[in-house]
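Below, each chain spelled out in residue letters.
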2 protein chains.
Amino acid sequence: MGPIPPGFASEEGMLLIGGVGVGALAHEAGGTPFFAYDAGLIDARLAALRAAMPDALDIHYAIKANPFAPLLAHMAGRVDGFDIASGGEMEMALAAGMAADRISFAGPGKRDAELEGAIRAAVTLNVESEGEAERALAIANRLGKAPRLAVRVNPDFDLKGSGMHMGGRASPFGVDADRAAPLASRLIDAGAIWRGWHIFAGSQALDSEAIIAAQDATVALAERLTEAVGASPPLVNLGGGLGVPYFPGDEPVDLPNIGAALAERLERRSASLKDCRFAIELGRYLVAEAGVYLTRLVDVKQSRGERFAIVDGGLHHQLAASGNFGTVVRRNYPLAIANRIGEPLSPEPVTIVGCLCTPLDRLGDRLALPEVAVGDLVAIFLAGAYGASASPERFLGHEQAPELLVRMDEA
Amino acid sequence: MGPIPPGFASEEGMLLIGGVGVGALAHEAGGTPFFAYDAGLIDARLAALRAAMPDALDIHYAIKANPFAPLLAHMAGRVDGFDIASGGEMEMALAAGMAADRISFAGPGKRDAELEGAIRAAVTLNVESEGEAERALAIANRLGKAPRLAVRVNPDFDLKGSGMHMGGRASPFGVDADRAAPLASRLIDAGAIWRGWHIFAGSQALDSEAIIAAQDATVALAERLTEAVGASPPLVNLGGGLGVPYFPGDEPVDLPNIGAALAERLERRSASLKDCRFAIELGRYLVAEAGVYLTRLVDVKQSRGERFAIVDGGLHHQLAASGNFGTVVRRNYPLAIANRIGEPLSPEPVTIVGCLCTPLDRLGDRLALPEVAVGDLVAIFLAGAYGASASPERFLGHEQAPELLVRMDEA
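A brief report on the enclosed structure follows. (Residues numbered from 1 in each chain as written. Chains lettered and ligands numbered in written order. Predicted model: local features only at pLDDT ≥ 70, side-chain atom pairs only at ≥ 80, totals over all residues. Heavy atoms only, no water.)

Here we look at the relation of the copies chain A and chain B
Next, step 1: Overlaying chain A on chain B yields an RMSD of 0.0 Å, the required transformation being a rotation through 180° with an accompanying axial translation of 0.0 Å. Here the copies are linked by what is in effect a two-fold axis. Within chain A, A:Pro392 has its C-alpha nearest the rotation axis, a separation of 2.0 Å. (Least-squares fit on C-alpha atoms with pLDDT ≥ 70 in both.)

Remarks on the interface of chain A and chain B
Next, step 1: Contacts between the two partners involve 75 residues from chain A, matched on the other side by 75 residues from chain B.
Next, step 2: Here chain A and chain B share an interface that buries about 5700 Å² over both sides, 57% of which is from carbon and sulfur atoms.
Next, step 3: When residues of chain A are sorted by the area they lose upon contact with chain B, A:Arg304, A:Cys357 and A:Arg394 head the list and together hold 13% of the total.
Next, step 4: In this structure, the connection of chain A to chain B is made through 4 salt bridges.
Next, step 5: A:Glu393 is the salt-bridge partner of B:Arg394, the closest N and O atoms lying 3.2 Å from each other.
Next, step 6: At the junction of chain A with chain B, the criterion picks out 31 residue pairs in polar contact (both at pLDDT 80 or more).
Next, step 7: For the side of chain A that touches chain B, the secondary-structure elements that each account for two or more residues are helix H4 (87-95), helix H6 (130-143), strand S9 (148-154), strand S10 (164-165), strand S16 (291-303) and strand S17 (306-311) of chain A. (Contact = heavy atoms within 4.5 Å. Buried area = accessible area lost by both parts, 1.4 Å probe. Salt bridge = Lys/Arg side-chain N within 4 Å of Asp/Glu carboxyl O. Polar contact = N/O pair within 3.5 Å; in protein donor to acceptor, adjacent residues only side chain to side chain. Helix = DSSP H or I, 4+ residues; strand = E, 2+ residues; numbered from the N terminus.)

Describing the sheet that holds strand S3 (residues 20-21) of chain B
Residues and elements named next belong to chain B.
Next, step 1: Taken in spatial order, the 3 strands make up an open sheet running S1-S2-S3, and their pairing is antiparallel. Each edge of the open sheet carries a strand with a single partner, namely strand S1 (10-11) and S3.
Next, step 2: In this sheet, strand S2 (residues 14-17) lies alongside S1 in antiparallel orientation, the contact comprising 2 bridges. The residue of S2 that forms the bridge with serine 10 is leucine 15. (Pairing = 2+ DSSP bridges.)

What about the nonpolar core?
Generally speaking, soluble globular proteins have nonpolar side chains that are buried together.
Next, step 1: If you look at the biggest cluster of nonpolar residues, it comprises 295 residues, and the most contacted ones within it are A:Tyr61, A:Phe82, A:Trp197, B:Tyr61, B:Phe82 and B:Trp197.
Next, step 2: What A:Tyr61 contacts, discounting residues up to four positions off in sequence, is A:Asn66, A:Leu71, A:Leu72, A:Met75, A:Val79, A:Gly81, A:Phe82, A:Asp83, A:Leu282, A:Gly283, A:Leu286 and A:Val287. (Core = buried A, V, L, I, M, F, W, Y, C linked by side-chain atoms within 4.5 Å. Buried < 20%, exposed > 50% of the residue type's maximum accessible area, 1.4 Å probe, protein only.)

Topic: the sheet that holds strand S2 (residues 14-17) of chain A
Next, step 1: Pairing within the open sheet is antiparallel, and its 3 strands lie in the order S1-S2-S3 (chain A). At either end of the open sheet lies a strand with only one pairing partner, and these are strand S1 (10-11) and strand S3 (20-21) of chain A.

Details of the state of the cysteines
Next, step 1: Taken as a whole, this structure holds 0 disulfides over all chains when the rule is applied.
Next, step 2: In this model A:Cys355 remains outside any disulfide bridge; the closest cysteine sulfur is found in A:Cys357, 9.8 Å from its own. (Disulfide = S-S within 2.5 Å.)

As for the pairing of strand S19 (residues 350-353) of chain A
Residues and elements named next belong to chain A.
Next, step 1: The side-chain alternation of S19 yields two buried faces, one formed by Val350 and Ile352 and the other by Thr351 and Val353.
Next, step 2: Bridge count between S17 and S19: 3 bridges; the pairing is parallel. Across the sheet, the residue bridging to alanine 309 is isoleucine 352, located in S19.
Next, step 3: As paired elements, S19 and strand S20 (residues 362-367) share 3 bridges and run antiparallel to each other. Residue pairing for S20: valine 350 is matched across the bridge by leucine 367.

Just geometry here; none of it tells us what the structure is for.
In structure tokens:
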């Protein structure tokens, strides 16, 4: 399995999250399974980003990664903006205390009601097509309100090695780069409040040089588009891209190197972008490693020479860890027996499966772990992003898993 | 894409479900997206099964396939039992009106509270391991109530060509065949009400000969186990296995042939099983083809020479159709423009994507469809099983999709 993210300690064999033992957290959650997010680790990640990145760069949180309300409220005071992808997420973002003028709404399938909601709330719409632009302008006209509009661009390049490719190909996201400037001119001419460019080339990349190259190409594209339009944008959203290590051989991105390269690139940006802000839009990178899914062993059994440990959680809460969400080959997420940290490993491997009555519910294949027993707590790491909200929680009639945001200052 | 299931008609170009136009159904649902299930098609499938299968065979519904409450209530009066996989499903099954003595509870990760709930309700537990058996007996002892117990067996053979292999290998499900008889004897000796064998070799198979072979092997295994125990079981659950066609080249199973072979096999069963009933446990086969997911086009756009149509639904409601649930290579589910049935096909293919802001949300790749326009209704077939309840419905902050059971007699 891949590396356990840094920042987790233990005490007398018990995993600590935010300084609190997971046994106590299980009590707090009312039992297992549950998710715990360490606010201190999120803050440390943000501090590292702030230290590495140039001052001209805002840090946005893409709330789709984890929209747990207390976590959103925590983030609202710490990042420069929220990026959202639905009317429902807009409600969450506003409820968390983020100012409307720091929220931008992307997504290829915005309904009229969502466009209207965003225009009424003065949230920026990242327009994804000419058709959507005309719908937004018509709604704004009907409301008698100037809409805040940016253009999402389908870039003519890719982020190499990204887990999700979002550029350099035919795509439902944004307008092709060669049609972006005319669309922006149309919006400006129609009286929209021009908010700038949204250029997202890919996500979950671990190759720092590829990220640097994509950011360079993104700034260059924004320069070209801005010159074609002849109006300076207030903001260029450079997209995300920074990945986190999940699997064996994965290495963290080189944040200082990426930050230095971006600073250098922004230093020499064209005059047309001199007065504009830039933003990086991060979801997974901010929260994935801070989260842990905790579940309890309910049975240990042998079958045809293999040992299985069955937990009271499963893919209904953590679909991605089962390898059934956006992955071709399932690999083991990092996992630990949370009440046996530091114990010697058993020579006999154990396969951890979820409680669902389906062979898909496999959480760890043939792992080297300490000797396990019914009642043990199993920690599955990298559960802070695309976990609770990205899993089929009604599947097989189980309960939703509680979530806890663990803050040191409350511990 | 694969074949549209039989039984759907259209009127003036509009798809009918249960005799009702999908436009009217969308109105009934309060808008799009929504699921509609044709109760008449479910009834027809059940009638075909009853006609093909021997009288000694009960037909059970595995409610995990679709636990929509009105559908469960409909099924409760039509099948001989419900198979469940959690305490939550037990509540649903009882609420639907199914008698407790016709409910059996399988699943490798049953918690003590779930065991206790089933014993109190006199629901049969399909015991999955020696450890679970001892926990169930201890709880029953504490409650002073004889538990209804069956043994789930991990068969020593496989259902060839099944979408989900559940036999012939190390497995978290059931006890290995060579340990099943001693476990049954232990349960009987401990005073449990002996309910019999649960033998599930695989699911979603389309090869009728492989299904016949697996059923033959399952009966033979039940004979051997019964003789080893020396006590006749009231029921042998032969598992499921019958698949439905999703993709190009898939052919429906040959139900009459399977039924005839099973009748012949049961005719010549050993004396030890002469007085026992048999059951087949079906989920997908009963309901998948009766369900349709309906969603509406919100944008049509070009990108780099490819045409995309974006709908207001997506993988948050129908994860399996996006190819992200238990499939290695995504293939297109059958799909139609529901308000343009019978219109000539456009020479230009169109790719249908969901509204979520992720490249995973792809519902139909480069399909030959009629010329599409914003506002059109898109029908994605085979949505009756593992759809609404098996999708990450909170993902990206969207609403849950309403579900409708459409009954002819109400139309």
